[in-house]
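Read off the chains here:
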Amino acid sequence: MTILLTAFEPFGGEAQNASLEAMRLVPDMVGEMRVVKRMLPVAFGTSAALLRQAIEQVRPDAVLCLGQAAGRAEFTPERVAINIDDARIPDNAGDQPMDRPVVASGPPAYFSTLPVKAMAAAMDAVGVPASVSNTAGTYVCNHVMYSLLHELATAYPGVRGGFMHVPMLAEQAEAYHPPLPGMSAEEIARGIRAAIVAIAENRRDIAASAGREH
Ligand code: PCA
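Everything quoted here is computed from the prediction, not taken from an experiment.

## Here's the deal with the environment of Ile 188
Within the fold, Ile 188 resides in helix H6 (residues 185-201). Counting along the chain gives 22 residues from Ile 188 to Val 166, while the straight-line C-alpha distance between them is 7.1 Å. In this structure, Ile 188 is in contact with Ala 18, Ala 22, Phe 75, Val 166, Pro 167, Met 168, Leu 169 and Met 183, ignoring residues within four places of it in sequence.

## What about the nonpolar core?
Membership of the largest hydrophobic core comes to 38 residues, with the highest contact counts inside it found for Leu 64, Phe 75, Met 164, Ile 192 and Ile 196. Taken together, the elements giving at least two residues each to this core come down to strand E1 (2-8), helix H1 (18-24), strand E3 (33-40), strand E4 (62-68), helix H3 (116-125), strand E8 (160-166) and H6. Looking at this core element by element, the count peaks at ten residues for H6.

## Side note on the packing of H3 against H6
Relative orientation of the contacting elements H3 and H6 amounts to 135°, with a least axis distance of 8 Å. Our classification of the angle between H3 and H6 gives oblique. The crossing of H3 and H6 is right-handed. When H3 is examined against H6, the residues Ala 118, Met 119, Ala 122 and Met 123 are found in contact with a partner set consisting of Gly 191, Ala 194, Ala 195, Ala 198 and Ile 199. Residues belonging to the contact of H3 with H6 are distributed by class as follows: eight nonpolar, one polar and no charged.

## Brief notes about the pairing of E3
Sheet topology places E1 next to E3; seven bridges connect them, and they run parallel. Bridge assignment links Leu 4 to a residue of E3, and that residue is Val 36. Pairing of strand E2 (residues 29-30) with E3 involves two bridges; the strand directions are antiparallel. Within the sheet, the bridge partner assigned to Val 30 lies in E3 and is Met 33. Between E2 and E3, which follow one another and run antiparallel, lie two residues, and Gly 31 among them has a positive phi close to 60°.

## Let's talk about the pattern of salt bridges
This model, assessed by the stated rule, comprises three salt bridges. In this structure, Glu 21 engages Arg 24 in a salt bridge whose closest nitrogen and oxygen atoms are separated by 3.2 Å. Taken together, the residues span about one helical turn, with Glu 21 and Arg 24 both in helix H1 at a distance of three residues. Taking the relative accessible area as the measure of exposure, Arg 24 reaches 52% and is therefore exposed.

## Observations concerning the sheet that holds strand E5 (residues 76-77)
Strand pairing in a sheet relies on backbone hydrogen bonds, with the paired strands running either antiparallel or parallel. Taken together, six strands build an open sheet; the order of strands is E2-E3-E1-E4-E8-E5 and the sheet is mixed. Each of the sheet's edge strands pairs with one partner strand only, and the pair in question is E2 and E5. Seen against the sheet, helix H4 (residues 140-155) touches E1, E3, E4 and E8 and runs at an angle of roughly 170° to E8.

## Structural notes on the environment of Pro 181
Take Pro 181: it is sitting in the loop between helix H5 (170-173) and strand E10 (182-183). The class of Pro 181 is partly exposed, set by a relative accessible area of 28%. Other than its neighbours up to four places away in sequence, Pro 181 contacts Gly 71, Arg 72, Ala 73, Met 168 and Ala 173.

## Description of the site of the ligand
Within the structure, the ligand sits among Phe 8, Phe 11, Asn 17, Val 42, Gly 67, Gln 68, Tyr 139, Val 140, Cys 141 and His 165. In the model, an oxygen atom of the ligand is placed 2.9 Å from a nitrogen or oxygen of the Asn 17 side chain. At 2.9 Å from an oxygen atom of the ligand is found a main-chain nitrogen or oxygen belonging to Gln 68. Secondary-structure elements contributing two or more residues to the shell around the ligand are E4 and H4. In terms of residue class, the shell around the ligand is built from six nonpolar, four polar and no charged.

Cut-offs applied
- Residues numbered from 1 in each chain as written.
- Predicted model: local features only at pLDDT ≥ 70, side-chain atom pairs only at ≥ 80, totals over all residues.
- Heavy atoms only, no water.
- Helix = DSSP H or I, 4+ residues; strand = E, 2+ residues; numbered from the N terminus.
- Contact = heavy atoms within 4.5 Å.
- Core = buried A, V, L, I, M, F, W, Y, C linked by side-chain atoms within 4.5 Å.
- Buried < 20%, exposed > 50% of the residue type's maximum accessible area, 1.4 Å probe, protein only.
- Axes fitted to C-alpha atoms, helices over the stretch in contact; angles between N-to-C directions.
- Parallel < 35°, antiparallel > 145°, perpendicular 65-115°, else oblique.
- Left-handed = near helix turned anticlockwise from the far one by under 90°.
- Nonpolar A, V, L, I, M, F, W, Y, C, P; charged D, E, K, R; others polar.
- Pairing = 2+ DSSP bridges.
- Salt bridge = Lys/Arg side-chain N within 4 Å of Asp/Glu carboxyl O.
- Near = heavy atom within 4 Å.
- Polar contact = N/O pair within 3.5 Å; in protein donor to acceptor, adjacent residues only side chain to side chain.

These results come straight from atomic positions and should not be treated as a statement about function.
Rendered as structure tokens:
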């Protein structure tokens, strides 16, 4: 089995992106999964097209896109992507869409087709905190997740895909006042490895509660 793993370049004035630094530490084989890595730009205009090209070249069995979530203390496999681009800050190309659909004729939302609950449980089991998230935001990460799931649903039936946000690196997080939660790149890579194993081992998600009141 092959998994396409993507991470983002730095954005928002940061010199690093935790997803990219951690992805670099993930080995090319994780259990039975061959891991093919690609970096995506933090740009509404080009990120989805580059992801589509990568899927066409690699022909993976599953796709896991990674992004950094400043302020989150846990790994958060995302349950859902919504059909909206609404940017608080410009992307790296200077684009700042407001209430623009990701795909004009697309459905309002797509659910992840990765086993998000099994991924969270597997990460917890190796000692990295994780929980299922019900919002990927409305910035480039949600844009990429929605674009991915639309592409898989329309052109690659049977290929599973989804998105996971990871915490910031400790050195990035320390620069904030008050400091944000952070982890080492090694620890983030450990979580990503556990998530990949869970994807390989769980064709269907586990039955577990991951609900929230808000
Ligand atoms: N995080 C941003 C975009 C790139 C990244 O790593 C997001 O959550 O949308």
